[in-house]
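Here is how the chains run, residue by residue.
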Amino acid sequence: MTTTVAPNRIHIKVGDKCEVLDLYPGCTHEDVRAILCSAADMVDADKDSLIKLTKPDGTIVPVSPFLPGNTDKEPYTLQVQYRSRGSPNGAGGGGGGAASPTKIGYLEAKLNDISKALEPLREMQSFREQIVSFQKRLESAEKQISMANLPETKVIPKAIKRISKIDPIFAHQPKYVFTDETVAYLKQPSFNNWQWEENEMTALMEHMFTELGLVDKFKMELPTLKRFLCVVKDNYNHNPFHNFRHCFCVTQMFYGMLHEADLVSKLEPIDLLVGLISCIIHDIDHPGFNNAYQVNAKTELAIIYNDQSPLENHHCAVGFTILRNNDCNIFKNLSDKDYEHVRKGIIRCVLSTDLTKHGEIMTKFKAVSENFNFADVEHKAQLLVMMVKCADISNEARPADVAEPWLDCLLEEYFAQSDREKAEGLPVAPFMDRDKVTKPGAQVGFIQFVMIPLFENLARVLPQLEGNVLPQIRKSLAYYQDLQQKMTGK
Ligand SMILES: Nc1nc2c(ncn2[C@@H]2O[C@H](COP(=O)(O)O)[C@@H](O)[C@H]2O)c(=O)[nH]1
Ligand SMILES: [Mg+2]
Ligand SMILES: [Zn+2]
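All values derive from a computational prediction rather than experimental measurement.

Undergrad: Describe the packing of aromatic side chains, and please don't skip the residues or the numbers.
TA: Both the distance between ring centres and the angle between the ring planes are used here to describe each pair of aromatic rings. On inspection of all chains with the given rule, the structure shows 14 aromatic pairs. Note on Phe-178 and Trp-196: the rings are 6.1 Å apart at their centroids and 75° apart in plane angle, and the pair reads as edge-to-face. Residue Phe-178 is located in the loop between α5 (166–171) and α6 (180–185), and its partner Trp-196 is located in the loop between α6 and α7 (198–211); the two are separated by 18 residues in the primary sequence. The pair Phe-178 / Trp-196 is uniform in exposure class, with both members buried. Ring geometry for Tyr-414 and Phe-431: centres 5.3 Å apart, planes at 75°, overall edge-to-face. Here the residue Tyr-414 occupies a position in helix α18 (residues 400–424), and Phe-431 occupies one in the loop between α18 and α19 (439–459), the gap between them amounting to 17 residues. Classification of Phe-431 as partly exposed rests on a relative accessible area of 45%. The rings of Tyr-176, Phe-178, Tyr-185, Phe-191, Trp-196 and Phe-248 are connected pair by pair, giving a single aromatic cluster.

Undergrad: Could you give an account of unusual backbone geometry, naming the residues involved and the relevant values?
TA: With phi around 55°, Asp-262 is a residue other than glycine that occupies positive phi space. Its place among the elements puts Asp-262 in the loop between α10 (244–260) and α11 (269–281). Positive phi is not limited to glycine here, since Asp-307 has a value of about 65°.

Undergrad: Tell me about the UniProt feature "binding site: Zn(2+) 2" (unreviewed entry) in the protein, and name the residues and values.
TA: According to UniProt, the positions carrying the feature "binding site: Zn(2+) 2" (unreviewed entry) are Asp-283. Position of Asp-283 among the secondary structure elements: in the loop between α11 and α12 (291–296). The class for Asp-283 is buried, based on a relative accessible area of 6%. Ignoring anything within four residues of it in the chain, the contact list for Asp-283 reads Tyr-236, His-242, His-246, His-315 and Asp-392.

Undergrad: Help me get a handle on the site of ligand 1, residues and values and all.
TA: Close to ligand 1 lie His-242, His-246, His-282, Asp-283, Leu-355, Asp-392, Ile-393, Leu-410, Tyr-414, Ala-442, Gln-443 and Phe-446. Contact distances for ligand 1 include 2.6 Å between an oxygen atom and a side-chain N or O atom of His-242. Residue Ala-442 places a main-chain N or O atom 3.1 Å away from a nitrogen atom belonging to ligand 1. Here ligand 1 occupies the second largest pocket. Those elements giving two or more residues to the shell around ligand 1 turn out to be α18 and α19. The element that contributes the greatest number of residues to the shell around ligand 1 is α19, accounting for 3 residues. Taken together, the residues of the shell around ligand 1 break down into 6 nonpolar, 4 polar and 2 charged.

Undergrad: Requested: an account of α19, with residues and values cited.
TA: Maximal helix bending in α19 amounts to about 50°, located at Ile-447. At the N-terminal boundary of α19, the capping side chain belongs to Thr-438, with an oxygen 2.9 Å from the backbone nitrogen of Gly-441.

Undergrad: Please give an account of the side chain of His-246 that cites residues and values.
TA: Along the polypeptide, His-246 turns up in helix α10. For His-246, a relative accessible area of 1% corresponds to the buried category. For His-246, the side chain forms a polar contact with the side chain of Asp-392, separated by 3.1 Å. Ignoring sequence-local partners within four residues, the contact set of His-246 consists of Phe-241, His-282, Asp-283, Asp-392 and Trp-406.

Undergrad: Run through the UniProt feature "binding site: AMP" (unreviewed entry) in the protein, naming residues and quoting values.
TA: Taken from the UniProt record, the annotation "binding site: AMP" (unreviewed entry) applies to His-242, Asn-243, Phe-244, Arg-245, His-246, Asp-283, Asp-392 and Gln-443. Spatial dispersion of the annotated residues is evident: they stretch over 202 residues in sequence, and the largest pairwise C-alpha distance comes to 22.7 Å. As for the lining of the largest cavity, the annotated residues named previously contribute Asp-392. Those residues in contact with Phe-244 that sit more than four places away from it in its chain are Glu-198, Met-201, Thr-202, Met-205, Lys-233, Tyr-236 and Asn-237. A polar side-chain atom of Asp-283 sits 2.8 Å from a polar atom in the side chain of His-282.

Undergrad: I'd like a rundown of helix α14 (residues 310–324), residues and numbers included.
TA: Spanning 15 residues, α14 covers 21 Å between terminal C-alpha atoms, matching the ideal 21 Å at 1.5 Å per step. With 12 of 15 residues buried, α14 is to be regarded as a mostly interior element.

Undergrad: Describe the coordination of the zinc ion (ligand 3), naming the residues involved and giving the relevant values.
TA: Donor atoms from the polypeptide that coordinate the zinc ion (ligand 3) comprise His-246 (NE2), His-282 (NE2), Asp-283 (OD) and Asp-392 (OD), at 2.1 to 2.2 Å from the metal. Separating the zinc ion (ligand 3) from the magnesium ion (ligand 2) is a gap of 4.0 Å, which Asp-283 spans by donating to each of them. Of this pair, His-246 sits in helix α10 while His-282 sits in the loop between α11 and α12, and the two are 36 residues apart along the sequence. Here His-246 matches His-282 in class, with each residue buried.

Undergrad: Break down the packing of α19 against helix α20 (residues 469–488) for me, with residues and values.
TA: A pair of packed helices is characterised by two quantities: the angle between their axes and the separation of those axes. Running from N to C, α19 and α20 cross one another at 160°; their axes reach a closest spacing of 9 Å. With respect to α20, the axis of α19 lies roughly antiparallel. Read as a crossing pair, α19 and α20 show a hand that is left-handed. The segment α19 lies against α20, with Lys-439, Pro-440, Gly-441, Gln-443, Val-444, Ile-447, Gln-448, Met-451, Ile-452, Phe-455, Glu-456 and Ala-459 engaging Val-469, Leu-470, Ile-473, Arg-474, Ser-476, Leu-477, Tyr-480, Gln-481, Leu-483, Gln-484 and Met-487. Counted by class, the contact of α19 with α20 contains 14 nonpolar, 6 polar and 3 charged residues.

Undergrad: Describe in detail the layout of surface pockets, supporting the description with residues and values.
TA: Empty space within the second largest pocket amounts to approximately 1,000 Å³. In terms of lining, the second largest pocket is formed by 42 residues, of which the most central are Leu-355, Leu-410, Tyr-414, Phe-431 and Phe-446. Looking at the lining of the second largest pocket, the elements that each hand over two or more residues are α12, α14, α18 and α19. It is α18 that provides the largest number of residues to the lining of the second largest pocket, a total of 8 residues. Among the residues forming the lining of the second largest pocket, the class breakdown is 19 nonpolar, 16 polar and 7 charged.

Rules and cut-offs
- Residues numbered from 1 in each chain as written.
- Chains lettered and ligands numbered in written order.
- Predicted model: local features only at pLDDT ≥ 70, side-chain atom pairs only at ≥ 80, totals over all residues.
- Heavy atoms only, no water.
- Phe/Tyr/Trp six-rings, centres within 6.5 Å; stacked < 30°, edge-to-face > 60°.
- Helix = DSSP H or I, 4+ residues; strand = E, 2+ residues; numbered from the N terminus.
- Buried < 20%, exposed > 50% of the residue type's maximum accessible area, 1.4 Å probe, protein only.
- UniProt positions renumbered as here; feature names shortened; annotations may be inferred.
- Contact = heavy atoms within 4.5 Å.
- Near = heavy atom within 4 Å.
- Polar contact = N/O pair within 3.5 Å; in protein donor to acceptor, adjacent residues only side chain to side chain.
- 1 Å grid on protein atoms, 1.4 Å probe; cavity = no way out; pocket = protein on both sides within 12 Å on 5 of 7 lines; lining within 4 Å.
- Sits in = over half its atoms within 2 Å of the grid points.
- Nonpolar A, V, L, I, M, F, W, Y, C, P; charged D, E, K, R; others polar.
- Bend = angle between axes of the 7 residues up to and from the residue.
- Expected span 1.5 Å × (residues − 1).
- Donors = N, O, S within 2.8 Å, 3.2 Å for Na, K, Ca; no water.
- Axes fitted to C-alpha atoms, helices over the stretch in contact; angles between N-to-C directions.
- Parallel < 35°, antiparallel > 145°, perpendicular 65-115°, else oblique.
- Left-handed = near helix turned anticlockwise from the far one by under 90°.
- Points joined across faces, edges and corners; volume = space filled by probe spheres on them.

Put into structure tokens, the structure is as follows:
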């Protein structure tokens, strides 16, 4: 089982000064921003300040906890620009920036370091008192400022920020031509995602739109579709599991099931569009920490969405923010009625990927499957919900050499979350705890009690899944049961 524990060493250049930073596993976007601001001697830069990192060749490097490590020979160049909310045009403003929790965290850490170094000195006590008084002043400033900022949320500006980077990236996209073998293989649930790079995966997704007739039917402009997919890719974070490759796999499994069950002829193009876009945006901008963490840690997402499926609501909001941008709006030629239908369907599918809704969705679908009717709009909406849910948890429906690395990725993300929960004194779910989880332990229950019942329920309407998909899932279950037996003797 692989886990990442070593800090990531980053060399940066700020003006004519060079700095070395260590990013520790589990640090957040906010931590990285705070560290970079401090390296630029701009600890009072606020959340809206622009932080730009570039490689020596001028390529912009996204600021994230997964910043690739580099060497002192090729440091990143760091620029920080204030963007105080108080100033009318969002620029300039210098020291007037808001005190944010990250600044307080950073200052606390920095002051702790200083106080450790001063341990032997007599002034220690008075210095500690100064720290406490300084922290209190910052906390009170933060309270006042956060109250003043209440109406603003990060959701929409964040998505827009990344859209602004699209054209330079897009301009360098290579053109792809896929062989007949590849396009046929793309329709198979056994497709191996690990052979493809990110740009190839966006091109394969573009192929799905064309092949399903959606480009023609909805008069999509190809550059708009390419840009949409590219911006989606850039708005997935580099998490071990919830990343753009997972988005591709979910979309590809949905596409594979459409073909496997001959749904292209049974569903309307608008249904295919709802399902495909739902898969594509379903985990966009996932922070790598699940809903339980969001709620327990009282994160901004939990506050914005009142603890109600904060992640799934966020994925929808970011997806539709990208679509609202004219350059990415593949829905721009849809009638108002179609747009309304598509939006409603996508929101329903993406919100349904919250596994806490699983039981309710299963019960409803069992009822409609008794007399399923492809002409019934509600029946079809429930079918799409089930298909997106199946696609989302479908790794073990793939051959073992494709599925197993995904389990390592999932556990790596789980362990990073539980390590952080332990460090922050938050509740830890046993299935995420590195001291309690084994690979077969993680899979046997999940495949037996979640995956198989879900796919079997869907197979009541799509019996073709009994052909290729369900046998592979049962094979995975047998494999992990056997492994568990060997490991525990039970
Ligand atoms: N133990 C396992 N859990 C799995 C597996 N595949 C998925 N999952 C869980 O389901 C959710 C899916 O929702 P997502 O939108 O977050 O992707 C995921 O987070 C896992 O908790 C699996 O193979 N084994
Ligand atoms: Mg999700
Ligand atoms: Zn997912």
